[in-house]
Structures are given as structure tokens and as C-alpha cells.
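Observations on chain architecture
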Amino acid sequence: MSDRYIPVQWNANKWLYDGVLLIACAAYILVFLRLGAPAADLTRPVDGAILRMRAFGSCAFFMLSVILCIGPLARLDRRFLPLLYNRRHFGVITALVALTHAVYVLNWYYAFSPTDPMVALLGANTSYGQILGFPFETLGIVALLILAVLAATSHDFWLSFLGPPLWKALHLLIYLAYGCVVAHVALGYLQDSKNPAFALLFGLSALAVAGLHLAAWAKAPRKSRGSGEWIAVAAPHEIADGRAKILPMPDGKRAAVFRDGDRIGALSNACAHQNGPLGEGRVIDGCVTCPWHGFQYRLEDGCSPPPFTEKVPTYNLRLRDGVIEIATKPNAPGTPATPLQIAEAAHV
Amino acid sequence: MSDREAPFFIGWAAMPPGLRWFMGGIALGLILFLAGIAYVTAATQDDPGQGAFVGRANATGILQAEPYPILHVTESADFALGSALLLTGGGKRGVQGRAAGLDGALVAVSGARIARGDIAALQLRGGEAGLKALEQAAITPPAVQDLGRWRISGEICDGKCYAGAMRPGRGLAHKACANLCLIGGIPPVLVATDKIDGTEFFLLAGPDGGPVTDQILDHVGLLIELEGQVQRHGGMAVLRLDPETLKVIP
Ligand code: FES
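Residues numbered from 1 in each chain as written. Chains lettered and ligands numbered in written order. Predicted model: local features only at pLDDT ≥ 70, side-chain atom pairs only at ≥ 80, totals over all residues. Heavy atoms only, no water.

In this section: the nonpolar core. In terms of nonpolar packing, the biggest core is built from 99 residues, with Tyr28(A) and Tyr110(A) touching the most fellow members. Here the element with the most residues in this core is helix α2 (residues 48-76) of chain A; it accounts for 17 residues. Every residue in contact with Tyr110(A), bar those within four places of it in the chain, is listed here: Val105(A), Pro117(A), Ala120(A), Leu121(A), Ala124(A), Glu137(A), Ala176(B) and Leu180(B). Judged by nonpolar contacts, the second largest core, of 40 residues, contains Ile119(B), Ala178(B), Phe202(B) and Ala237(B). (Core = buried A, V, L, I, M, F, W, Y, C linked by side-chain atoms within 4.5 Å. Buried < 20%, exposed > 50% of the residue type's maximum accessible area, 1.4 Å probe, protein only. Helix = DSSP H or I, 4+ residues; strand = E, 2+ residues; numbered from the N terminus. Contact = heavy atoms within 4.5 Å.)

If you want it as C-alpha cells, here you go:
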């Protein structure tokens, strides 16, 4: 975790994750070039370079769609959470696939000309005023630049350098990138292709991304239930053992109230690592464990156990008429807040 | 299963057995899913047509420099007499510079032949080997026949890529590439949706019969409609388009 930075902290799960990604990616390109393209009904083959730019371009689009589905899927069904664990590597591989696509385009469509390829890339088509014929390449460039920045800052070094809120805000640009990619394809290749198969796959992918996000959004608690100094949470036994109840707070943040056997404690819902949803994690050995990358925080003070140094805010709790209440104001990160002791009888 | 025992994945710990199967399924599913859409996407690509480079060719004929350099074939083992060829340089380069001063002259040309249906182009070799003026007394350029004013729909392409230098060499995904060719001096052609007087391809010209590249760049690669005067210059149909009438068909 935070004790030191090495290029990438590898472990068996990451190797497996990356291995599967690389195999999936290689399968896409090979099947496209070796099996799919020869099966197409063509008078003469499509140029090799154009075939490759199509293969890598469409691969990057579908990979990006899958990446964007992981977040909402994990919210809707917790079994998908492991996919989040190494999502950054997924992003880095996708950025490389997209870059390969761009290189083929640059070395084919913009080569063989007296004009410098970079100048040509920005100057050959300037019909910005129209939808049909719009220089959709520009949208692709914007998306590629975003992917490159996100890939370059995906390491935990940048996370701690920029701080989790800024890092997370920066990485939300992935949605802008996806929007640009969708427009890039819709105004480019899709306009040319008379066969509806790709259009269908393309539309379904974009719809899946949008639909899953809407579904996850609809599921998330949004409205705070009170605004005084204390808010009612639930009766102790309503919180499953080892789990949390996530609560929207009046300040717009969220708190996670955990039960660990007969102890009840509350932490901020945002992990100090990448703002992962702590309340969707578990209490393991007395520590709240983030579902995203497994950072841990002690229930009683929100501090990571030594040698780690991460801290999250805690909340004070009290019991009133058998109902847990939470203080609306969080304590500074790492402030001890004694967990409530509840009667054994409350166990289920 | 009590909540404590429900599988929970922690990145740095071993994966719980229940999740291992689920994740294995996802991994396999992802690979098969990507392979499947790769196949469908690749196998349903549109046919780029039969245009291609089809070997070396030579011809003798009368060079016409405007609106773009073309050759009216008078003698050739490779091309029909009376047919007309679009002349281009290597890559995205026209041959305006080399053709200047040779308008109406008898020349010998040699290069790589690009052919697609009725449209033929020749990518000239470098120097005299590609284009050389021949000594000849009086030659008469082919007569110009006026076919009147027409409204035509179709797509403006660069004559070289469309003829087969790129496959596919038309359409919106190829627009910037086509623009770059045209800017480099490659002759623009209109590929009409319906034939006019038996012709599908028209070499584009401005209202005065000169080059028209700058006025058409926003309309390349799209289904468009335009009006203009159609003329036959020997084997080449030339469309003197009225740039004001260019419009995109939605
Ligand atoms: S967000 Fe990465 S461990 Fe919590």
C-alpha cells in the first residue's frame, strides 16, 4: 500500500488479470485479421493498413466499453468487484491499442503526401461547421490524449501526488473520452459502413455502458434523511455482521456504519486510496477492508494498521431508543471514535 | 451462507474459491466475447470494389493540362485508343508542374496503371521515363462536345484513391485522406449515383474550366448534389461545376 512506491506492485491476481486481458486483446486482433477479414465477401481485399486500423480501432472501442461497464456492474453485483481491482491495467492496455490504431491511420491516410503528416492530420479536413464530413479524427485525438494522460497518471505515485479527490476527478475524464470515441466512430466509420452488423454491436455497447450507469445510479442512496446534529441510522441488528450501511450525509458526503460482531463504528465511505466505496467492503480482523484494492482501516480510529499510514474520517455514534444515530459532522481523519458496544442479543 | 462467509475478494489475498469460478467464467466470457465481435466486425466489412494497381503501362497521346492533367490515348498496347487517363504523381502528388507547358502536346507516358471499371489512372514514373514530349507536326486535340447543364448527385472522390490506389478509397472515413490527395494536386472526380449519357465518372472543373479543388474540400466523401455543365473531352467526361449549387444530401 503506501509504505513505498515501486513501479507496479505485482501479485498473482494482477498477473492473472493482465494475462487474461492480453489474451483477450490478442484474440480480438488475430480473429479480426486472420479469420474474420478473409471471410468477408469482397471483390479484392481491403488494404492491410486499413484492415489493421479497423481491427485496433474497434478493439479499443469495445475494450473501453467493457472497462466502463465494470464500475456499475460491481455496484449492482458485488461478485464483479475483483474486476475493479486492476482496472487501471485494463485502461493502460486499451490506451496502447488505441495508439496503435492512430499510428496506422497516420502512416497510411496521412502519409505519401508533400504535407507533413501532423500538419495534414489537423489541416486536411477543416469542415468543423458540418455534422456529415466533420473532422471526426479530432475527436479521436482528444480521446487518445485523455487515455494517454490517464494511463500515465494511473500509478499510485500520481494518486498520492495529486491527492485522491483531484486524481479521481481527473480520471472521470474517461467519460469525456468515451463520448469522443462514440462520436468519432459514429461520424466516421459508421457513416461509411453499409452493413448493419457493426452498427448494431456499436450501439449495443454504448447502450450497455449508459444503461448500467443509470441502473447503478438509481440504486445508490442519494437523499440525506436529516439535517440536525444527529441522524438516525438503523437498529443495530439491521446491519449485517461484517458489513456496513451507507448513509448520505447533509454535507453531500457519505458515511459507512459498520458492524463487527458486537461493535458498531462509522467511517467516511470514501477510501483514502482512490475514493473506493468503503461501505461496500467488509470488516476483516477488526479492519474495514476496501472492496477495490483491499486497503484497510481500523474501525475505532480510521487509521490503516502499521506500517501503513492512510487515514479516513470517523464519525461519532450513539444509541437512542435502540436506534443507532450518527453525528452529522465527521471527525478529522484518523480521530479515534469509540465504537458502540451492542448487546449480544442483537446478533442474528 | 452467513454474511461473514460470503466470498469477498481482496486484491492482495488469495481469491475465495466461490469467486474463482465466477472470475474464471468472466475471463473466458471476455475472451470469447471479444473474439466473437472481432469476427463479426471483420467479416461484415463492405466491399471496397475491384479497383487496384494493375501493373505497368505505357501510352502515347495528347496531354490536356486543364482542369487537371489527363491524357487522350492515341497509341497504346495497354489502353483503348481514344480513352482518357487521369495522370498522377507518386503518393498524394499531382503532375501539374510536369504537365505545364505541354498542354495539347503529343507525349509518351509510362507508369503504374490504376483501374476500376471505366476509370483509369496512370501514376507516372519519375522524369522523362514517365512523361516525355514527342516531336510531331500538327495534332488535333479531341473535340469538345457539350451535353448541357445537369443536376447530379454523387460523391466527390480523389481520382487516384477511388480508382484503386487505396481500398477502400472513398467515403467519409477516407475524407481527410482524399482531401490531402486533392490538395496535393490529384484530379477530383464525381462518382455519380445515376449514369448520365452512359457515364458514371466526371472529372471536375470550375465554371471556367480550370481547377476547382479549393471550393469542393468541404463536400468530399459525402453524398452531395450539384449542378454544372457536362462536356465530353474525347474519352473523358468533364463536369464544370457551379460551386454555389453544392449541397450535402442528408
Ligand atoms: S480505493 Fe483502492 S483500496 Fe480503496
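Here the narrative resumes.
Residues and elements named next belong to chain B. Burial runs high along strand β11 (residues 236-241): 5 of the 6 residues are buried. In this structure, strand β9 (residues 199-205) lies alongside β11, joined through 3 bridges in parallel fashion. Within β11, the residue paired with Leu 203 across the bridge is Val 238. Taken together, the 6 bridges between strand β10 (residues 223-233) and β11 define a ladder with antiparallel strand orientation. (Pairing = 2+ DSSP bridges.)

What follows concerns unusual backbone geometry. Note the cis peptide between Pro306(A) and Pro307(A), where omega equals 10 degrees. With an omega of -5 degrees, the peptide bond running from Arg167(B) to Pro168(B) counts as cis. Along the chain, Pro168(B) turns up in the loop between α4 (159-165) and α5 (175-183). Even without glycine at this site, Asn275(A) takes up a positive phi of about 60 degrees.

Defined simply, a disulfide is a covalent bond joining two cysteines at their sulfur atoms. Residues and elements named next belong to chain A. Across all of its chains, the model carries 0 disulfides over all chains by this definition. In this structure Cys 69 is not part of a disulfide, and its nearest cysteine sulfur, from Cys 59, lies 15 Å away. A relative accessible area of 11% means that Cys 69 is categorised as buried. (Disulfide = S-S within 2.5 Å.)

Another point: the sheet that holds strand β5 (residues 282-284) of chain A. Residue and element names in this part refer to chain A. Strand order across the open sheet formed by 3 strands is β5-β6-β7, with antiparallel pairing between neighbours. On the outer flanks of this sheet lie β5 and β7 (296-298), each paired with one strand and no other. Here the strands of the sheet are splayed against their neighbours by 35 degrees on average, with no regard to which way each runs. Sheet analysis places β5 next to strand β6 (residues 287-289), joined by 3 bridges and oriented antiparallel. (Axes fitted to C-alpha atoms, helices over the stretch in contact; angles between N-to-C directions.)

Turning to the packing of aromatic side chains, a few remarks are in order. Applying the stated rule across the entire model yields 16 aromatic pairs over all chains. Taking 5.2 Å as the distance between ring centres and 65 degrees as the angle between the ring planes, the aromatic pair formed by Phe61(A) and Phe62(A) counts as edge-to-face. No difference in accessibility class separates Phe61(A) from Phe62(A), as the two residues are buried. Arg87(A) extends its terminal NZ or CZ atom over the ring of Trp292(A), reaching a point 5.7 Å from the ring centre. It is Arg116(B) that lies over the ring of Tyr162(B); its NZ or CZ is 4.1 Å from the centre. (Phe/Tyr/Trp six-rings, centres within 6.5 Å; stacked < 30°, edge-to-face > 60°. Lys NZ or Arg CZ within 6 Å of the ring centre and 35° of its normal.)

All names here are of chain B. Segmenting chain B into domains produces domain 1 (52-133) and domain 2 (144-248). The centre of domain 1, based on its C-alpha atoms, is set 19 Å off from the matching centre of domain 2. If you look at the interface, domain 1 gives 28 residues, while domain 2 gives 31 residues. In total, domain 1 and domain 2 occlude about 2300 Å² of area from one another, counting both sides; carbon and sulfur atoms represent 64% of this. Area buried by domain 1 at its contact with domain 2 is led by Tyr 68, Lys 92 and Arg 116, which between them contribute 32% of it. (Domains from an automatic or database assignment. Buried area = accessible area lost by both parts, 1.4 Å probe.)

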